[in-house]
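Residues per chain are reported as follows:
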Amino acid sequence: MGAAHDALATRLEAALLSLDRAEVGATFAAIAGPDTIDRVTLADSVIAPALLSIGQAWDEGSAALSQVYMAGRLVEEALERHLPAAPPRPGAPRIGVAVLEDHHSLGKRIVCAVLNSAGYDVRDLGSGLDAVTLVDRALEQQVDLLMVSVLMLNRALRVSLVRQQLSERDAHHVTLVVGGAPFVHDPELYRRVGADRCGRSAADALRIAAAYEGGER
Amino acid sequence: MNSAMTSIERVFTALGHAEPDRVPVFLLVTMHGAKELGLGLREYFSKAEHVVEGQLRLRAKYGHDCLLPFFYGAVEYEAFGGQAVFSDDGPPNAGAPVIRSREDIFALELPDIRRDPRLQMGLEATRRLVEAAAGQVPVVGTVIGPYSLPVMLMGFESYLDLLHDDPLAFERLMVVTSRFCVDWANAQIAAGATAVGCAEPLAAVNLTERGLFMCTGHPVIADTISKIQGAVALSLASGRALGRIDTYVGLGAAALAVSNQESLAELKRQCAGRLPILGNLNGVAMVSWTPEQARQQVRACIQAAAPGGGFVLADTHGEIPFHVADDVLAAIMQAAHEWGRYPIEPCCDV
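What you see is a predicted model, and the numbers here were worked out from it, not measured in a lab.

Draft legend 1. Spotlight on unusual backbone geometry. Across the junction of Gly279 of chain B and Asn280 of chain B, the peptide omega takes the value -25°, indicating a cis bond. On the secondary structure map, Asn280 of chain B appears in strand β6 (residues 277-281). For the peptide bond that leads from Tyr342 of chain B to Pro343 of chain B, omega is 5°, which places it in the cis range. Looking at the element boundaries, Pro343 of chain B is found in the segment after α17 (326-339). Even without glycine at this site, Glu101 of chain A takes up a positive phi of about 50°. Turning to its location among the elements, Glu101 of chain A is positioned in the loop between β1 (94-100) and α5 (106-117). With a phi angle near 55°, Asp170 of chain A is a residue other than glycine that sits in the positive phi range. When you line up the elements, Asp170 of chain A lands in the loop between α8 (159-168) and β4 (175-179).

Draft legend 2. Structural view of the interface of chain B and chain A. Opposite the 33 residues of chain B that make contact, chain A presents 33 residues. Here chain B and chain A share an interface that buries about 2500 Å² over both sides, 57% of which is from carbon and sulfur atoms. For the chain B face of the interface with chain A, the top three residues by lost area are Asn93, Glu157 and Val284 of chain B, together amounting to 21%. Inspection of the region where chain B meets chain A yields four salt bridges. The partner of Asp161 of chain B in a salt bridge is Arg73 of chain A, with the nearest N and O atoms 2.5 Å apart. Sorting the residues of the side of chain B that touches chain A by element identifies α9 (156-165) and α15 (283-286) of chain B as the ones contributing at least two each. Sorting elements by how many residues they give to the side of chain B that touches chain A places α9 of chain B first, with six residues. Of the residues contributing to the side of chain B that touches chain A, the split by class is 14 nonpolar, 13 polar and six charged.

Draft legend 3. Main features of the packing of aromatic side chains. Residue and element names in this part refer to chain B. Per the counting criterion, the structure on display carries eight aromatic pairs over all chains. With a centroid separation of 6.0 Å and 40° between ring planes, the pair formed by Phe45 and Phe71 is classed as tilted. Highlighted residues: Phe45 in the loop between α3 (41-44) and α4 (48-62) and Phe71 in the loop between α4 and α5 (74-79), separated in sequence by 26 residues. Comparing Phe45 with Phe71, the two get one shared label, buried.

Draft legend 4. Quick look at α4 of chain B. All names here are of chain B. Helix length check: α4 (15 residues) gives 21 Å between terminal C-alpha atoms against 21 Å at 1.5 Å per residue, within 8%. Among all positions in α4, only Ala48, His50, Val51, Val52, Gly54, Gln55, Leu58 and Tyr62 are buried. Within two residues after α4, Gly63 carries a phi angle of roughly 75°, on the positive side.

Draft legend 5. Quick peek at the sheet that holds strand β1 (residues 25-26) of chain B. Residues and elements named next belong to chain B. Taken in spatial order, the seven strands of this open sheet run β1-β7-β6-β5-β4-β3-β2, and their pairing is parallel. Where the open sheet ends on each side, the last strands, each with one partner, are β1 and β2 (140-144). Direction of pairing for β6 relative to strand β7 (residues 311-315): parallel, over a ladder of five bridges. Within the sheet, the bridge partner assigned to Leu281 lies in β7 and is Asp315. Across the sheet, helix α14 (residues 264-271) touches β6 and β7, and the angle it forms with β6 is around 175°.

Draft legend 6. Layout of the domain arrangement of chain A. All names here are of chain A. Each assigned domain of chain A is listed here: domain 1 (2-82) and domain 2 (94-213). Averaged C-alpha coordinates put domain 1 and domain 2 at centres separated by 24 Å. Contacts between domain 1 and domain 2 engage 18 residues on the former and 15 residues on the latter. When the two sides are added together, the surface that domain 1 and domain 2 hide from each other amounts to roughly 1400 Å², 65% of it contributed by carbon and sulfur.

Thresholds, definitions, all that
- Residues numbered from 1 in each chain as written.
- Chains lettered and ligands numbered in written order.
- Predicted model: local features only at pLDDT ≥ 70, side-chain atom pairs only at ≥ 80, totals over all residues.
- Heavy atoms only, no water.
- Helix = DSSP H or I, 4+ residues; strand = E, 2+ residues; numbered from the N terminus.
- Contact = heavy atoms within 4.5 Å.
- Buried area = accessible area lost by both parts, 1.4 Å probe.
- Salt bridge = Lys/Arg side-chain N within 4 Å of Asp/Glu carboxyl O.
- Nonpolar A, V, L, I, M, F, W, Y, C, P; charged D, E, K, R; others polar.
- Phe/Tyr/Trp six-rings, centres within 6.5 Å; stacked < 30°, edge-to-face > 60°.
- Buried < 20%, exposed > 50% of the residue type's maximum accessible area, 1.4 Å probe, protein only.
- Expected span 1.5 Å × (residues − 1).
- Pairing = 2+ DSSP bridges.
- Axes fitted to C-alpha atoms, helices over the stretch in contact; angles between N-to-C directions.
- Domains from an automatic or database assignment.

The structure is reproduced here in structure tokens:
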């Protein structure tokens with residue numbers, strides 16, 4: 001099925017970039033047709049490659065954020081229509097996504113859409129959270145990967161407070177991942193604020209989740 | 001022209017694609033004035049005289065080539081009824097959206113600039129800075145562009161949904177934001193501002209797909225700029241421009257503020273003689289620069305883009321972060337004086 005799945009991934013990517021809802025639906029119908037495949041296979045062989053490619057195109061400057069956002073939204077819509085009750089990936093990390101001290105939640109929305117579409121168990125922890133509340137919610141939800149999005153530099157610097165909260169509560173098992181414009185403009189900033197990883201794009205969020213699933217902490 | 005110029009002569013010569021005495025510098029310090037006055041940011045932004053005094057002290061300290069009556073971007077969101085969120089170490093930010101439903105768009109009222117206390121403070125600061133500048137220094141106002149203001153008013157994802165799904169509501173929203181942008185820009189020009197910077201990050205290549213932008217943003221921005229009765233510098237607020245330069249030239253802006261994420265030399269090559277550029281020091285990285293790193297970054301920018309004029313040295317976002325150290329700001333200006341004297345030979349890429 002490898003070549004067939006590759007062709008479907010390419011078809012899906014083209015449909016998503018051109019915002020062709022009918023073609024996205026037709027691609028999903030083809031996937032979920034008589035030879036129905038399970039959600040994980042679908043995610044790994046068709047959806048994730050398409051979304052990864054779009055995310056990478058954004059990172060390299062050949063796609064726009066509006067396309068990345070709409071791609072995630074269209075895939076979510078199609079999944080809801082064609083595979084509404086699919087369970088999350090077995091054995092995958094539980095992922096919490098939050099916005100630190102800000103109401104601008106586009107990055108969180110995109111990351112949630114992409115990870116959900118790839119079959120991960122994603123918990124939306126909310127927006128406008130201070131470090132204490134954010135870590136409260138992450139621990140309540142028992143997340144393994146905590147993805148924190150920020151928009152502004154002063155908020156990015158306060159990720160160090162999230163790290164402090166995790167340390168004070170002995171939550172050393174939680175991997176702290178950050179994303180957002182300040183981390184794109186200064187690739188070393190994530191280290192200085194105590195994060196374990198940095199994602200430049202939704203494609204990176206997928207890669208980080210997959211690496212964690214593969215045993216990388 | 002190599003004899004010493006005033007800042008306004010220097011800037012206008014550069015914007016005319018000619019070489020002034022040295023590269024002009026827009027050191028866009030909007031918050032550092034609070035440190036100079038020993039005030040917290042909330043208190044600093046509570047009175048026009050604070051901003052005026054802060055700007056004058058900063059220019060006396062660093063000798064850069066502009067004065068900024070700008071308070072913070074969320075002022076315009078506040079004019080529409082929003083509650084800005086203040087912090088001790090960064091610009092006040094837009095809080096919860098003021099547009100929460102489609103109905104809110106059709107009920108949206110144009111703010112009355114004459115009755116808005118924050119906007120009036122901005123105009124008061126403009127008038128006082130113009131008086132203090134005495135025609136020697138450009139006083140640069142700021143507006144959020146009509147195509148990008150809805151991000152603050154309704155949230156980014158809701159706005160993207162609207163852009164893709166609801167042309168009628170989008171059109172209605174643009175009527176209001178464009179009219180507000182024109183009124184607010186013209187009020188600043190009437191108060192004496194030399195020019196206005198128009199922040200339109202959604203016009204950037206990396207934010208909106210070309211077809212979407214050309215159908216939605218481009219006509220609105222072009223129409224808005226055509227109604228502003230003064231020079232407009234278009235800022236992409238760190239967004240990318242390469243691949244869309246021709247469309248920006250067609251918007252009628254007097255200059256384009258560009259990103260540090262792209263080659264400054266290539267931007268200059270594509271804009272030369274058509275659209276002066278401002279940029280492209282990395283404001284985020286600037287926070288951790290040493291003075292020597294600042295000097296080297298300034299030198300590289302100047303060598304990439306200054307030859308032939310048409311270039312103003314500035315940060316890439318239009319607002320230098322509060323955390324940037326004074327000695328880094330001083331080093332930027334020192335390097336501009338050292339490396340920015342014309343004639344300048346092209347050397348390296350950024």
